[in-house]
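Listed below, chain by chain, are the residues.
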Amino acid sequence: MSPSTGRFDFVVVSNRLPVDRVIDPDGSARWQRSPGGLVTALEPVMRAADGAWVGWPGKADVEVEPFEADDMHLVPVALSAGEVERYYEGFSNDTLWPLYHDVISPPAYHREWWESYRAVNERFARASAEAAAPNATVWVQDYQLQLVPSMLRALRPDLTIGFFNHIPFPPYGIFSQLPWRRAIVEGLLGADVIGFQRASDAANFFSAVRRLFGYGMRSPEVRVPDGQGGHRTVIAKAFPISIDVESFEEIARRPEVIARAAQIRHDLGDPGTIMLGVDRLDYTKGIGHRLKAFGELLRDGSARTGEVALVQVASPSRERVEAYMQLRDEIELTVGRLNGDYSTISHPAISYLHHGYPREEMVALYLAADVMLVTALRDGMNLVAKEYVACRHDEDGVLILSEFAGAADELKNALLVNPHDIEGLKEAMLRAIAMPKRERSTRMRALRRRVRENDVARWSQSFLDTLRHVGSR
Ligand code: GDG
């Protein structure tokens, strides 16, 4: 039995709807668009194609009717508190997330989490099938919904289906740990186009398909048997995501933001060098490695409090997952120790901020930072690296970037580091601190050229062009 078709020619499906429920001072509630590159990138496409967005509104046990917010048609998918625990915090964030990030933290495998993941993916597939018009295009986002492409194809073979994975796809030696590895790959192969951040992620996916199914393939195509003696062609390749470069640069040029950056420097006691880290508090981001390297520089006297200041924004994340609670304790212990050892009354060695900030404040921090530290142990892309570059219209500032972040494939003029190599990380920090102005500008100009060439509009366009091309075959 196929579900009824809907009226939307373009449907985006993601775990979270791009809106938050806000309560106004007078007590009335409304939906507010949550800022994010994906929404910005897809807005023009949504408007042009009469689009809808399917996703969870972010609160458990709440049934919400489809609604409009900021000219977007939103189709809520309800989750119970138990499903949030098992499908979202459990299977998505405590099984798939660590597994796909090189098992930096051990993944937990629980059959009841998997059952919940399957049931919730089925619900998303049905909601999408009901929203999509005949022959519509549906674009599914991210690792929480890897089963949706094949479930959706079974319900609606007329649709053109895309999938984009925002996080890495692991090498087969790691992926093969997953008890449900075949079902996941089968789920993804329901799409016409599967997008990854890096070419190496696509290559890892190909080897999983080869090892598990032995299908014929020639990159970027996989030949998937259609069950009737023929086959469908699935395209799997890299589409590196980006940011809305112009909007970051516009904020960075505002006089009040520039003034705020100067104020931040002043408030930090006018140090010679400000180093900055901005991350969700996540074990993939290598925050501990960067603190260790900085601590050793302070210890051996090659960096001094008052001359170099480290600002670390660690925005709260997944606070109900045990591994994240532990990480927070570890990081805060390290920061406390280092500050105890090296801060003075007027100058903290590390300004550690466990808050989320408005975008304007983030941009002011980017402008104030002489050195930006992106030391992820594994990261699909890392948008912070691109945002820093987009904001530096003064063509100054040094980006230290982990080779394990997807951004390293594009941002070759950063100082690329292996964050596990603490000596190498210390050397890169010292090199960045001492880098002459000319070299900083040359590097930053090259980085800016690269980030401008591939902004988020270009990313979505290139994915959707590929999808359209496949759909018209
Ligand atoms: C996943 C993948 C991939 C952070 N704190 C605040 C704040 N942020 C913003 C940053 C940036 C975003 O959050 C984080 O994006 P990242 O790319 O750095 O990392 P993940 O959250 O892990 O994202 C990643 C991405 O998906 C996209 O495909 O690049 O690899 O893991 O935009 O600026 N923004 C504000 N206040 C904060 O306190 N306003």
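Residues numbered from 1 in each chain as written. Predicted model: local features only at pLDDT ≥ 70, side-chain atom pairs only at ≥ 80, totals over all residues. Heavy atoms only, no water.

Trainee: What is the right way to read the packing of helix H8 (residues 245–253) against helix H13 (residues 383–391) from this model?
Mentor: A pair of packed helices is captured by two measures, namely the crossing angle of their axes and the spacing between those axes. The contact between H8 and H13 brings their axes to 8 Å, and the two run at 50 degrees. Taken as axis vectors, H8 and H13 run oblique relative to one another. The handedness of the crossing between H8 and H13 is right-handed. Across the interface between the two elements, Val245, Phe248, Glu249 and Ala252 from H8 touch Glu387, Ala390 and Cys391 from H13. A class-by-class count of the residues in the contact of H8 with H13 yields five nonpolar, no polar and two charged. (Axes fitted to C-alpha atoms, helices over the stretch in contact; angles between N-to-C directions. Helix = DSSP H or I, 4+ residues; strand = E, 2+ residues; numbered from the N terminus. Parallel < 35°, antiparallel > 145°, perpendicular 65-115°, else oblique. Left-handed = near helix turned anticlockwise from the far one by under 90°. Contact = heavy atoms within 4.5 Å. Nonpolar A, V, L, I, M, F, W, Y, C, P; charged D, E, K, R; others polar.)

Trainee: Quick question: what am I supposed to make of the pairing of strand E9 (residues 193–196) here?
Mentor: Consecutive side chains of a regular strand alternate in pointing toward one face of the sheet and then the other. Burial along E9 is two-sided: the residues Val193 and Gly195 and Ile194 and Phe196 are all buried. Here three bridges tie strand E8 (residues 160–164) to E9, and the two strands are oriented parallel to one another. Residue pairing for E9: Gly162 is matched across the bridge by Val193. As defined by bridge partners, E9 adjoins strand E12 (residues 231–238) across four bridges and the pair is classed as parallel. Following the sheet pairing, Phe196 is matched in E12 by Ala238. (Buried < 20%, exposed > 50% of the residue type's maximum accessible area, 1.4 Å probe, protein only. Pairing = 2+ DSSP bridges.)

Trainee: How do you make sense of the domain arrangement of the protein chain when you look at a structure like this?
Mentor: Many descriptions give the size of an interface as the accessible area lost when the pieces come together. Under the domain assignment, the protein chain is made up of domain 1 (8–241 + 457–471) and domain 2 (245–453). For domain 1 and domain 2, the distance between their C-alpha centres works out to 31 Å. Taken together, the contact pairs 23 residues of domain 1 with 25 residues of domain 2. With both sides pooled, the region where domain 1 packs onto domain 2 buries about 1,800 Å², and carbon together with sulfur makes up 51% of that total. Sorting the residues of domain 1 by area buried against domain 2 places Trp97, Ile104 and Arg198 first, and these three jointly supply 34% of that buried surface. Connecting domain 1 to domain 2 are three salt bridges. A salt bridge links Arg320 to Glu89; the shortest N-O distance between them is 2.7 Å. (Domains from an automatic or database assignment. Buried area = accessible area lost by both parts, 1.4 Å probe. Salt bridge = Lys/Arg side-chain N within 4 Å of Asp/Glu carboxyl O.)

Trainee: Teacher, can you tell me more about the environment of Val11 here?
Mentor: Structurally, Val11 is set in strand E1 (residues 8–16). Separated by 286 residues in sequence, Val11 and Leu297 have C-alpha atoms that sit 51 Å apart.

Trainee: It is not clear to me how the site of the ligand should be interpreted in this structure. Could you clarify?
Mentor: Within the structure, the ligand sits among 21 residues, and His166, Tyr357, Asp379, Leu383 and Glu387 are positioned closest to it. In this structure, Met381 approaches the ligand through a main-chain N or O atom, which is 2.8 Å from an oxygen atom. For the ligand, whose accessible area on its own is 730 Å², the fraction buried by protein is 79%. (Near = heavy atom within 4 Å. Polar contact = N/O pair within 3.5 Å; in protein donor to acceptor, adjacent residues only side chain to side chain. Areas by Shrake-Rupley, 256 points an atom, 1.4 Å probe, with all protein chains shown as cover.)

Trainee: Can you walk me through the packing of helix H2 (residues 81–100) against helix H3 (residues 111–131) in this structure?
Mentor: Interaxial distance between H2 and H3 falls to 8 Å at its minimum, and their mutual angle equals 110 degrees. Relative to H3, H2 is oriented roughly perpendicular. Residues Glu83, Arg86, Tyr87, Gly90, Phe91, Ser92, Asp94, Thr95 and Leu96 of H2 touch H3, and the partners they reach there are Glu112, Trp113, Trp114, Ser116, Tyr117, Val120, Asn121, Arg123 and Phe124. Tallied by class, the residues present in the contact of H2 with H3 amount to eight nonpolar, five polar and five charged.

Trainee: I would appreciate a short explanation of the nonpolar core in the present structure.
Mentor: A general tendency of soluble globular proteins is for nonpolar side chains to be buried together. Judged by nonpolar contacts, the single largest core of 102 residues is most densely connected at Phe124, Phe175, Leu189, Ile194, Phe205 and Ile400. Looking at which element gives the most residues to this core, the answer is H3, with nine residues. Residues in contact with Phe175, not counting those within four places in the same chain, are Leu99, Tyr100, Phe169, Pro170, Arg181, Ile184, Val185, Ala208 and Leu212. With 69 residues, the next largest nonpolar core counts Ile241, Met362, Ala385 and Phe463 among its residues. (Core = buried A, V, L, I, M, F, W, Y, C linked by side-chain atoms within 4.5 Å.)

Trainee: Which parts of the structure should I look at to understand the sheet that holds strand E13 (residues 273–280)?
Mentor: Sheet strands pair via backbone hydrogen bonds, and the direction of the pair is either parallel or antiparallel. If you walk across this open sheet you meet the six strands as E15-E14-E13-E16-E17-E18, and the pairing is parallel. Each of the sheet's edge strands pairs with one partner strand only, and the pair in question is strand E15 (350–353) and strand E18 (415–417). Recorded for the sheet is a direction-independent mean angle of 20 degrees between the axes of neighbouring strands. Judged from the four bridges that link them, strand E16 (residues 371–374) and strand E17 (residues 398–402) form a sheet pairing that is parallel. Bridge assignment links Leu373 to a residue of E17, and that residue is Ile400. Sheet contacts for helix H10 (residues 287–299): E13, strand E14 (308–315), E15 and E16; angle to E13, the most-contacted strand, approximately 160 degrees.

Trainee: Quick question: what am I supposed to make of the environment of Glu395 here?
Mentor: Turning to its location among the elements, Glu395 is positioned in the loop between H13 and E17. Take Glu395: its relative accessible area is 27%, and that puts it in the partly exposed class. Along the primary structure Glu395 and Arg445 are separated by 50 residues, whereas in three dimensions their C-alpha atoms are 6.0 Å apart. In this structure Glu395 touches Lys437, Arg440, Ser441, Met444, Arg445 and Arg448, once residues within four positions along its chain are discounted. A distance of 3.2 Å separates a polar atom in the side chain of Glu395 from a polar atom in the side chain of Arg445.

Trainee: Would you mind going over the sheet that holds strand E7 (residues 132–141) with me for this structure?
Mentor: Strand order in the open sheet formed by 10 strands is E5-E6-E4-E1-E7-E8-E9-E12-E11-E10, with mixed pairing between adjacent strands. Since the sheet does not close on itself, it has two edges, and those belong to strand E5 (67–69) and strand E10 (217–218), each with one partner. Most of the contacts of helix H7 (residues 199–213) go to E12, to which it runs at about 145 degrees, and overall it touches E9, E10, strand E11 (221–225) and E12.

Trainee: Can you help me understand unusual backbone geometry in this one?
Mentor: Trans peptide bonds make up the majority, and among non-glycine residues the majority have a negative phi. A cis amide bond links Ser219 to the next residue, Pro220, at an omega of 5 degrees. Topologically, Pro220 is positioned in the loop between E10 and E11. For Arg318, which is not a glycine, the phi torsion comes out positive at approximately 45 degrees. You can see Arg318 is positioned in the loop between E14 and helix H11 (322–342). Overall, Arg318 belongs to the buried group, its relative accessible area being 19%. Positive phi, close to 55 degrees, is recorded for Glu395, a residue that is not glycine.

Trainee: How should the packing of aromatic side chains be read in this particular structure?
Mentor: Any aromatic ring pair is given by two values, namely how distant the centres are and how the planes are angled relative to each other. One pass over the structure, following the stated rule, counts 23 aromatic pairs. With a centroid separation of 5.7 Å and an interplanar angle of 50 degrees, the aromatic rings of Trp97 and Tyr143 are classed as tilted. Taken as a pair, Trp97 in helix H2 and Tyr143 in the loop between E7 and helix H4 (148–155) lie far apart in primary sequence, 46 residues in all. For the pair Tyr100 and Phe175, a centre-to-centre distance of 6.2 Å together with 65 degrees between the ring planes defines the contact as edge-to-face. Here Phe175 lies in helix H5 (residues 172–175) and Tyr100 lies in helix H2, a separation of 75 residues in the sequence. Taking relative accessible area as the criterion, Phe175 reaches 0% and is therefore assigned buried. One aromatic cluster is present, built from ring pairs that chain together Trp56, Tyr87, Tyr88, Phe91, Trp114, Tyr117 and Trp180. Above the face of the Trp97 ring, Arg318 is positioned so that its terminal group lies 4.1 Å from the ring centre. (Phe/Tyr/Trp six-rings, centres within 6.5 Å; stacked < 30°, edge-to-face > 60°. Lys NZ or Arg CZ within 6 Å of the ring centre and 35° of its normal.)

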